[in-house]
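Spelled out from the first residue to the last, the chains are:
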Amino acid sequence: MGMFTVNLRVIGPNGLTEDVDALVDTGANRTALPASLLRRLGVAPQETSMFRTATEELVELETGETFVEFEGRTKTVPVVFNADAAQPLLGATMLETFELSVDPVQKRLVRIPGQLM
């Protein structure tokens, strides 16, 4: 599947916002954003968790939650406080939260019905 980015608005509890271009990564289970961006927006880490990177390295990173706006809808999303130099990633949890699926041909995200079965 070809990779592509989408624009997200990250909204902190202090009311500040910042737009980021995030790489859609269905292999990532969480949305990962630069730690400095999250701190600037007032997002507080809640705990630390272990993550395996694309290079197979195990790293311990802080995690928390914040609001994300995508295509006019705003929801609370779990986020990882990633390295500042790392590309922002939109992971599977956010895709599920927003009821989105990846269209790899058109390189876009599309709304899908939620599943209750």
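The text that follows walks through the structure, step by step, so that each part is easy to find.

Definitions and limits used
Residues numbered from 1 in each chain as written. Predicted model: local features only at pLDDT ≥ 70, side-chain atom pairs only at ≥ 80, totals over all residues. Heavy atoms only, no water. Helix = DSSP H or I, 4+ residues; strand = E, 2+ residues; numbered from the N terminus. Rg over C-alpha atoms; globule rule 2.2 N^0.38 Å. Buried < 20%, exposed > 50% of the residue type's maximum accessible area, 1.4 Å probe, protein only. Contact = heavy atoms within 4.5 Å. Lys, Arg positive; Asp, Glu negative; His and termini not counted. Charge placed at Lys NZ, Arg CZ, Asp CG, Glu CD. Phe/Tyr/Trp six-rings, centres within 6.5 Å; stacked < 30°, edge-to-face > 60°. Polar contact = N/O pair within 3.5 Å; in protein donor to acceptor, adjacent residues only side chain to side chain. Salt bridge = Lys/Arg side-chain N within 4 Å of Asp/Glu carboxyl O. Core = buried A, V, L, I, M, F, W, Y, C linked by side-chain atoms within 4.5 Å.

For the protein chain, the helix and strand inventory stands at two helices and nine strands. Mapped in sequence order, the helices and strands of the protein chain form the string β-β-β-α-β-β-β-β-α-β-β. In terms of overall dimensions, the protein chain is globule-like: its C-alpha atoms have a radius of gyration of 14 Å, near the 13 Å expected for 117 residues. If you line up the protein chain on its principal axes, its C-alpha atoms span 35 × 35 × 30 Å. Buried residues in the protein chain amount to 40% of all 117 residues. The contacts in the protein chain between residues at least 6 apart in sequence include a share of 52% that link residues at least 24 apart. Computed over 10 positive and 16 negative side-chain charges, the inter-centroid distance for the protein chain is 5 Å.

Going through the model one piece at a time under the given rule, you end up with one aromatic pair. Considering the side-chain rings of F70 and F98, the 6.4 Å spacing of their centres and the 90° angle between planes classify their relative orientation as edge-to-face. Note that F70 is positioned in strand β5 (residues 58–70) and F98 in the loop between α2 (92–97) and β8 (100–103), a separation of 28 residues in sequence. Of the two residues, F70 and F98, neither departs from the other in class, the shared state being buried.

Residue placement: T66 occurs in strand β5. Assessed through its relative accessible area of 4%, T66 is described here as buried. Within the local environment of T66, its side chain forms a polar contact with the backbone oxygen of I11, the two atoms lying 2.6 Å apart.

Right, let's talk about the pattern of salt bridges for a bit. Pairs can form between side chains of opposite charge once their charged atoms are near each other. Per the stated rule, a full pass over the model turns up six salt bridges. Among the salt bridges present, the one from E18 reaches R40, with a minimum N-O distance of 3.1 Å. Placement of the pair is E18 in strand β2 (residues 17–24) and R40 in helix α1 (residues 35–40), with a sequence separation of 22 residues. Judged by relative accessible area, E18 falls into the partly exposed class, the value being 26%. Two residues, E99 and R111, come together in a salt bridge whose shortest N-O distance is 4.0 Å. With E99 in the loop between α2 and β8 and R111 in strand β9 (residues 108–111), this pair connects stretches of sequence that are twelve residues apart. Residue E99 is classed as partly exposed on the basis of its relative accessible area, which comes to 30%.

Counting 25 residues, the largest nonpolar core has V6, L8, L38, F70, L90, M94 and L109 as its most contacted members. When residues of this core are traced back to their parent elements, those giving at least two are β1 (5–11), β2, α1, β5, β6 (73–82), α2 and β8. If sequence neighbours within four positions are ignored, M94 has contacts with L8, T31, V68, F70 and V77. Ranked by size, the runner-up nonpolar core spans eight residues in total, among them A28, F51, L61 and L89.

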